[in-house]
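# Close look at the chain arrangement
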Amino acid sequence: FAPLRGPAASLASRFCATAPAWAPMTRAYSLDKFKDKEAVEERMYFNKEDEKLLRGLLSKMKAQAEVKDIDRSHADKERSALVNIVGKYNVSNADIENLLDWRHRSDF
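We now turn to the structure provided with this report.

Cut-offs applied
- By convention here, each chain's residues receive numbers from 1 onward along its written sequence.
- Predicted model: local features are reported for residues with pLDDT of at least 70 only, side-chain atom pairs are reported and counted for 80 or more only, and whole-chain, interface and lining totals are derived from all residues.
- Derived side-chain values reflect all non-hydrogen atoms in the structure, with water molecules and hydrogen atoms excluded from consideration.
- Numbering of helices and strands starts at the N terminus; helices are DSSP runs of H or I of at least 4 residues and strands are runs of E of at least 2.
- Each residue is placed in one exposure class: buried if its accessible area under a 1.4 Å probe, protein chains only, is under 20% of its type's maximum, exposed if it is over 50%, and partly exposed if it falls in between.
- Accessible surface area values rest on a Shrake-Rupley calculation with a 1.4 Å probe, where residue burial reflects the displayed protein chains alone.
- Between the rings of Phe, Tyr and Trp (Trp by its six-membered ring), a pair exists once the centres lie within 6.5 Å; its type follows the angle of the planes, with under 30 degrees stacked, over 60 edge-to-face, and the other angles tilted.
- Without a salt bridge and with relative accessible area above 30%, a residue can belong to a patch; like charges are then joined within 9 Å and nonpolar side chains (Val, Leu, Ile, Met, Phe, Trp, Tyr) within 5 Å.
- Here, a salt bridge means any side-chain nitrogen of Lys or Arg that lies within 4 Å of a carboxyl oxygen of Asp or Glu.
- Nitrogen and oxygen atoms within 3.5 Å of one another constitute a polar contact, given that in protein one can donate a hydrogen and the other can accept it, and given that sequence-neighbouring residues count only through two side-chain atoms.

Moving on, we come to the overall build of the protein. If you tally the helices and strands in the protein, you get 3 helices and 0 strands. The buried share of the protein, taken over its 108 residues, is 6%. As displayed, the protein offers around 10200 Å² of accessible surface, 61% of which is attributable to carbon and sulfur atoms.

Right, here's the structure in full:
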């Protein structure tokens, strides 16, 4: 295409330079609406992901609490077994606790 010259060029430039007044507003409104929808969907997605992670954390905490109960009963059994062994020597409770601590240490 050859460039326009003269009155046709000025008329063409005016026609091309002006756009209907409603065009940018409609486009901006639809973009805002799309961005809002996108933001809502993003929040929903991350809320679901957070919920999954929190449920997993809760199940781990429950399992850990059960293990602590088992460990506590194991510690009680261990203590009573030690008392059965050294009870005839009149060992104090502090010494029994020290023996149990020594048994579980690994720094020697």
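So, about the packing of aromatic side chains. Scanning the entire structure with this criterion turns up 1 aromatic pair. Ring centres of Tyr45 and Phe46 lie 5.2 Å apart, and the angle between their planes is 75°; this geometry places the pair in the edge-to-face category. Residue classification places Phe46 among the partly exposed positions, given a relative accessible area of 43%.

On the surface, Leu54, Leu57 and Met61 cluster together to form a nonpolar patch covering roughly 320 Å² of accessible area. Mapped onto the elements, Leu57 comes out in helix α2 (residues 22-86).

The next subject is the environment of Glu51. Within the element layout of this structure, Glu51 appears in helix α2. Given the relative accessible area of 39%, Glu51 is considered partly exposed. A distance of 2.8 Å separates the side chain of Glu51 from the side chain of Arg55, its partner in a polar contact.

On to the pattern of salt bridges. Counted according to the given criterion, the structure contains 5 salt bridges. In this structure, Glu41 and Lys37 form a salt bridge, with 3.8 Å as the shortest nitrogen-oxygen distance. One end of the pair, Glu41, and the other, Lys37, are both in helix α2, 4 residues apart, so they sit about a helical turn from each other. Relative accessible area serves as the criterion here: at 45%, Glu41 is assigned to the partly exposed category. Of the residues examined, Lys37 reaches a relative accessible area of 53% and is grouped as exposed. Note that Arg103 and Glu78 form a salt bridge whose closest N and O atoms lie 2.3 Å from each other. With Arg103 in helix α3 (residues 93-104) and Glu78 in helix α2, the pair connects residues that are 25 residues apart, well separated along the chain.

Attention shifts here to unusual backbone geometry. Positive phi values are uncommon outside glycine, yet Asn90 reaches one of about 55°. On the secondary structure map, Asn90 appears in the loop between α2 and α3.

A few words now on the environment of Arg103. Of the residues examined, Arg103 reaches a relative accessible area of 54% and is grouped as exposed. For Arg103, the side chain forms a polar contact with the side chain of Glu78, separated by 2.3 Å.

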